[in-house]
Amino acid sequence: MAAAQGRLSDGAGGMDDAEEEHGKESRAAQAPLPFRAAVDALRAARLRPQVEVEQVPPPQRLAPFAYALEAAVVDGEQDLADGRLVLLHDPAGHDAWRGTFRLVTLVRAELEPEMAADPLLPEVCWSWLTGALQARGLAYGEPSGTVTRASSHYFGGLSARPAASQIEIRASWTPREGLGGVPDTAAHLASWCDLLAQVAGLPPAGPGDASVVTLPQRRGPQSH
């Protein structure tokens, strides 16, 4: 998982950093109450221990208010899968969202080449996303997204490396709003982590449907 970008500074950068932090705090204080409540729920969510989550800078132009997280499924010093989840909020509403909130995600993992060749893999991966939401009883609407698989073959000086395949899920959906116009973002985050764990090949956190298919453990996980 790519780490959040650091900020280099010299001895004269302290004041700039302080002003930047003050600006962030000021913008956060101006955010509408439903968005602040939704973000607080994300920060307080309890997740399975194999998933490491950190806040990262959100995209600036997708919505008036945004909050972003990156996560990795970790086994020792190795990342089995990683992804990003972005919460968007437009108090005026958005026709395409049919709501005032939107969740946008990217999930990535490496696959065994034979698994990547399965013609049903894209449909299965999409069903993992919708199934993770449904398993927690979450109401949502307007889902959309893509499932992409890619293969890399190495030649010349890199020919000793085995072929590698990757699956990538890009998706977005509208979480239904509850009391006070606030969606249950903690539960949506937990379901997203369920998806990450499933893509990584981990067993379900609790009793699950025997018909659910999980990716086999991948060869050569990326270093964390």
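Not measured: the values here are computed from a predicted model.

Thresholds, definitions, all that
Residues numbered from 1 in each chain as written. Predicted model: local features only at pLDDT ≥ 70, side-chain atom pairs only at ≥ 80, totals over all residues. Heavy atoms only, no water. Helix = DSSP H or I, 4+ residues; strand = E, 2+ residues; numbered from the N terminus. Contact = heavy atoms within 4.5 Å. Buried < 20%, exposed > 50% of the residue type's maximum accessible area, 1.4 Å probe, protein only. Pairing = 2+ DSSP bridges. Phe/Tyr/Trp six-rings, centres within 6.5 Å; stacked < 30°, edge-to-face > 60°.

(A) The side chain of serine 191, seen in detail. Position of serine 191 relative to the elements: it lies in helix α5 (residues 185-200). With near-sequence residues (within four places) excluded, serine 191 lies in contact with Ala132, Leu133, Arg136 and Leu138.

(B) Seen up close, the pairing of strand β2 (residues 65-75). For β2, the tally of buried residues reaches nine of eleven residues, placing the bulk of the element in the interior. Of the pairings in the sheet, the one linking strand β1 (residues 51-56) to β2 comprises six bridges and is antiparallel in character. Bridging across to β2, glutamate 54 finds its partner in glutamate 70. Both β2 and strand β3 (residues 78-94) contribute to a ladder of eleven bridges, which runs antiparallel.

(C) How the structure looks around the packing of aromatic side chains. Counted according to the given criterion, the structure contains one aromatic pair. Taken together, a centroid distance of 5.7 Å and an interplanar angle of 40° make the contact between phenylalanine 35 and phenylalanine 65 tilted. With phenylalanine 35 in helix α2 (residues 33-44) and phenylalanine 65 in strand β2, this pair connects stretches of sequence that are 30 residues apart. Residue classification places phenylalanine 35 among the buried positions, given a relative accessible area of 8%. We classify phenylalanine 65 as partly exposed; its relative accessible area is 21%.

(D) Here's a closer look at the side chain of histidine 188. Checked against the element boundaries, histidine 188 lands in helix α5. Non-local contacts of histidine 188, meaning those with residues more than four positions away in its chain, are made with Leu103, Leu133, Leu138, Ala139, Tyr140, Trp173 and Pro175.

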